[in-house]
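Observations on the three-dimensional arrangement
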Amino acid sequence: MRDRPLLVIALLVAAATVLLLRSWQTSDAPAIEQETPIQTVSLTTDEFGMPVSELSVIESTVRRNETFSDLLTPYGVEFQRIVNLARDGRDTFDVRRLKSGRPYRVYTDSSGVGRYMVYQPNLASYVVFDLGEEPSVRVEERNVVVRERTIEGTIEESLYMTLINQDIHPTVANRMADVFAWQIDFSRLQKGDSFRIVFEEQYVGDHLFDIGEVTAARFVHMNEDYYAFHYQNGDVDEHYDETGKSLRKAFLIAPVEYKRISSGFTYRRFHPVQKRYKAHLGTDYAADPGTPIMATGDGVVTEARYGQYNGNYVKIRHNGTYTTQYLHMQKIKTGIRPGVRVKQGDIIGFVGSTGLATGPHVCYRFWKGGEQVDHRREKIPSVGPIPTQYFADFSVQRDDMMMALTSPLNPGIDRSYAELLKTPEALTSP
Ligand SMILES: [Zn+2]
């Protein structure tokens, strides 16, 4: 069902091309001769199956704040028809989901009236609006093909540049940074660091649609090897190292042994001291004064000082993604200062009510990718190793992937392999 219209279109396009070529080859006066081929190709359709030879095509992209009606009104489509189409077609495609920047086409007849509209929410699908006497909406899905790809490289300037120089989508860098978030600080990569990665690319036709899963990766950072193996089975969907340990480490759920949560994370709460509504982008853990406060994860102290509102506070950077902060301390533990490395569970200070606080508590703040988030709503990373019942299966997959990560790349299988021969020693002799 999916392939047949495409085949028909392909045949029509091929037929039209042959006719056009023939006329071009035999014609010395194309201006006159063209009449014939134009009639012959009247069945020609475009990539969306629309009869473009009978209709004019206007292609554009949705602009900011532009509505469905804004797009169609200029083409003489009756307002009531637009409203009906939006309402009746809502279950198929809700026109309020039109996104600025996405492409669309309007097909108009000889009098300039819109007959069809095609909107592309993404590369993998498009929406066809029939604007005629019997308006209708349908969504067509394109085939997404997943290809596994193996690449390798050595960092000269940056990981991004290394990927771009090889014509690899820079999103791959983000995926690698996600996978190794706890092992490698991707903002501190060194010249000479190298990697090999097996990952999935999703294609629609010849167009790269998205980067899929990182199947396996080896990263050599400051002469140290880091491995990642994706394993999925049952409810397990994780990246593990070569020994089956999860690459992700949990944060402690709370920085203190607390009595109660006196205030949760909210964008709006009544502030007891300031007597007004304001956002509270942290979680308050009430505890006895002097109770030890722990670092919730491994990291480096970036701030440890007094502030008018925060009181005595400590901020810890865990990796390129996560940062935490602990406010209103009675005192900061001796030795905790910027640059000091801490381990999960290390004591960094003691509960107090310094700064803007009504009682003894820790205001715990959590940043992910530069944004303050409610850590209690974050997916808690798995700490455990691979479950025992999967270990044998995991080992087989890991051994396979280990070969893929360490044996010489095979030129000729993929264009990328040939290009990668520029740095054949990258991973074997870092
Ligand atoms: Zn607070």
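Note that the coordinates shown come from a computational prediction; the quantities given were computed from them, not determined experimentally. (Residues numbered from 1 in each chain as written. Predicted model: local features only at pLDDT ≥ 70, side-chain atom pairs only at ≥ 80, totals over all residues.)

Some thoughts on helix α5 (residues 79–88)
To keep it simple, the criterion reads: Burial in this document is a count-based property: other C-beta atoms within 10 Å of a residue's C-beta are tallied, and the residue is buried at 20 or more, exposed at 12 or fewer, or partly exposed in between, with C-beta positions derived from the backbone. Numbering of helices and strands runs from the N terminus, with a helix taken as a DSSP run of H or I at least four residues long and a strand as a DSSP run of E at least two residues long. Each direction from the helix axis to a C-beta atom contributes to the arc, which is the arc of those directions. Any pair of residues counts as being in contact when their C-beta atoms, constructed from backbone geometry, are within 7 Å of one another.
Where α5 is concerned, the buried positions are Ile82, Leu85 and Ala86. Viewed along the axis of α5, the buried residues span an arc of 95°, placing them on a single side of the element. The outward face of α5, more than 90 degrees from its buried face, is lined by the exposed residues Gln80, Val83, Asn84, Arg87 and Asp88. Here the buried face of α5 lies against α4 (68–72), β4 (125–130) and β5 (136–141).

Let's talk about the pairing of strand β17 (residues 311–317)
Operational definition: Here, any two strands with at least 2 DSSP bridges between them count as paired.
Within β17, five of the seven residues are buried, which leaves it mostly tucked inside the rest of the structure. Relative to β17, strand β16 (residues 299–307) runs antiparallel, the two being bridged by seven bridges. Across the sheet, the residue bridging to Val300 is Arg317, located in β17. Counted along the chain from β16 to the antiparallel partner β17, the turn is three residues long.

Considerations on the pairing of strand β1 (residues 56–61)
In terms of burial, β1 is a largely surface element, zero of the six residues being buried. Note that β1 and strand β2 (residues 103–108) share six bridges and pair antiparallel. The partner of Val57 across the bridge, within β2, is Tyr107.

Focus: the confidence of the model for the protein chain
To keep things clear, this is the line we draw: You can read pLDDT as the predictor saying how much it trusts each residue, on a scale of 0 to 100.
In this model, the protein chain carries a mean pLDDT of 82, and residues with pLDDT of at least 70 account for 83%. Low pLDDT (under 50) marks residues 1–42, which in the prediction has 24 contacts with non-local residues, meaning those over four places away or in another chain. Below a pLDDT of 50 lies the segment residues 412–430, which in the model reaches 31 contacts outside its immediate sequence neighbourhood of four places, other chains included.

A few points about the nonpolar core
Threshold: To define a nonpolar core, we join buried Ala, Val, Leu, Ile, Met, Phe, Trp, Tyr and Cys residues through C-beta atoms within 7 Å and take the resulting set.
Met176, Phe180, Ile197, Ala217 and Ala228 are the most contacted members of the largest nonpolar core, which has 32 residues in total. At the level of elements, α6 (159–165), α7 (171–179), β7 (194–204), β8 (207–221), β9 (224–233) and α8 (391–406) are the ones that each hand at least two residues to this core. Top element by residues in this core is β8. It accounts for five residues. Excluding residues that lie within four positions of it along the chain, Ile197 makes contacts with Ile151, Val172, Met176, Val214 and Ala217. Within the second largest apolar cluster, 24 residues are counted, among which are Val256, Val314, Leu327 and Ile348.

Focus on the sheet that holds strand β10 (residues 236–240)
Inclusion rule: An axis is simply a line fitted to the C-alpha atoms; with a helix, the fit covers only the stretch in contact. Between two such axes, the angle follows the N-to-C directions and lies from 0 to 180 degrees.
Ordered by their spatial adjacency, five strands build an open sheet running β6-β7-β8-β9-β10, and the pairing between neighbours is antiparallel. Edge strands, defined here as strands with exactly one partner in the open sheet, are β6 (144–154) and β10. Ignoring strand direction, the axes of neighbouring strands in this sheet form an average angle of 25°. Two strands pair when backbone bridges link them, and β6 and β7 are joined in this way by eleven bridges, in the antiparallel orientation. Pairing of Glu152 across the sheet is with Arg196, part of β7. Its contacts with the sheet put α7 on β7, β8, β9 and β10, and the angle it makes with β8 is roughly 45°. Each of β6, β7, β8, β9 and β10 is contacted by α8, which is oriented at about 135° to β9, the strand it contacts most.

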